[in-house]
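# Survey of secondary and tertiary structure
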Amino acid sequence: MAPLPTPSMQKEEITMRVKPIALVTAANTGIGLKIAKDLATHGLTVLVGSRKLEHAEAAAKSVGAHALALQLDVTNQASIAAAKKRIRNEFGRLDVLVNNAGISQGKQGISHAASLDELGAVFETNVFGVVAVTQAMLRLLSEAPAARIVSVDPSNPQRALFGSVYSPSKTALDATTLAFAIEFEDAGADAACPGFTSMNLNKFEGTRTAERAA
């Protein structure tokens, strides 16, 4: 039998519910982790999203007391639905959605070596995943008094350094973000560029560190 919650545990749960709630996708490393830490520092309860729950749990522990691990694969509808259900049941709203998840590929040219499967996989995460998560969370965002949607594009203006499949996907993401901004003015949709950041996505060749970028 699980122990009964103590008064201090109950107080902590109430505090986390009252504070603004932020979800950061792919927040277990790099820019996403730094964003999660910064949001927690500014008084938000942060849901640390990651495809693998154990990675989310380790990252949430490093973020601090007001962070919770959340299994979330932006390319998996069942995973997105489960994340939505948990947020609805535990918090009833979402104040900030940070679409940070993204993947890349080698530097081969799109017209020569890149396969359509590779192109599709990158777009599935970098564009379609953003659309899927944002659509799923819209009702929760509508319950917040001043919701914000932020999509992270760390490549601009250094897109040529990230490969020619990743770059078109981020151009599409920028256009998608603009569409969100036009359609959902009250939600405040924006794109954010933290600069050419050193991370596993670019084999740590970036000129800025994640600690300085977010």
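Residues numbered from 1 in each chain as written. Predicted model: local features only at pLDDT ≥ 70, side-chain atom pairs only at ≥ 80, totals over all residues. Heavy atoms only, no water.

For the chain, an unreviewed UniProt entry supplies the name SDR family NAD(P)-dependent oxidoreductase and the organism Mesorhizobium escarrei. Of the comments in the UniProt record for the chain, the one headed Sequence similarities (unreviewed entry) reads "Belongs to the short-chain dehydrogenases/reductases (SDR) family." (UniProt positions renumbered as here; feature names shortened; annotations may be inferred.)

### Observations concerning the nonpolar core
Counting residues in each nonpolar core, the largest one holds 26 residues, and the members touching the most others are Leu23, Leu47, Ile87, Leu94, Leu97, Met137 and Leu141. Going through the elements one at a time, β1 (21-24), α4 (77-90), α5 (116-142) and α6 (166-183) are the ones with two or more residues in this core. Counting residues per element, this core draws most heavily on α5, at seven residues. Leu141 has contacts with Leu94, Asp95, Val96, Leu97, Ala147, Arg148 and Ile149, leaving out every residue within four places of it along the chain. (Core = buried A, V, L, I, M, F, W, Y, C linked by side-chain atoms within 4.5 Å. Buried < 20%, exposed > 50% of the residue type's maximum accessible area, 1.4 Å probe, protein only. Helix = DSSP H or I, 4+ residues; strand = E, 2+ residues; numbered from the N terminus. Contact = heavy atoms within 4.5 Å.)

### Re helix α2 (residues 30-41)
When the terminal C-alpha atoms of α2 are compared, their 17 Å separation across 12 residues agrees well with the 16 Å that a helix rising 1.5 Å per residue should span. At the C-terminal side of α2, Gly43 shows a positive phi close to 90°. (Expected span 1.5 Å × (residues − 1).)

### Details of the environment of Asn100
Along the chain, Asn100 falls in the loop between β4 (96-99) and α5. Here Asn100 falls in the buried class, since its relative accessible area comes to 13%. Separated by 51 residues in sequence, Asn100 and Ser151 place their C-alpha atoms 6.1 Å apart. Among residues more than four places away in sequence, those in contact with Asn100 are Val24, Thr25, Ala26, Ile31, Gly32 and Val152. Engagement of the side chain of Asn100 in a polar contact is seen with the backbone oxygen of Ala26, the distance being 3.0 Å. (Polar contact = N/O pair within 3.5 Å; in protein donor to acceptor, adjacent residues only side chain to side chain.)

### Comments concerning the sheet that holds strand β5 (residues 148-152)
To summarise the sheet geometry, strands pair through backbone hydrogen bonds and adopt either a parallel or an antiparallel arrangement. Judged by pairing direction, the sheet is parallel, and its six strands sit side by side in the order β3-β2-β1-β4-β5-β6 without closing on themselves. Each end of this open sheet is capped by a strand with a single partner; those strands are β3 (67-71) and β6 (189-192). Strand after strand, the sheet turns through a mean of 20° between neighbouring axes, direction not considered. For β1 and strand β2 (residues 45-50), the ladder comprises four bridges, and the chain directions are parallel. Paired with Ala22 across the bridge in β2 is Val46. Most of the contacts of helix α3 (residues 53-63) go to β3, to which it runs at about 165°, and overall it touches β2 and β3. (Pairing = 2+ DSSP bridges. Axes fitted to C-alpha atoms, helices over the stretch in contact; angles between N-to-C directions.)

### Quick look at the pattern of salt bridges
With the rule as written, the count across this model stands at three salt bridges. Residues Arg86 and Glu90 are paired through a salt bridge, measuring 2.9 Å at the closest nitrogen-oxygen approach. Here Glu90 and Arg86 lie together in helix α4, a separation of four residues that amounts to about one turn. Glu90 sits in the partly exposed class, given a relative accessible area of 28%. (Salt bridge = Lys/Arg side-chain N within 4 Å of Asp/Glu carboxyl O.)

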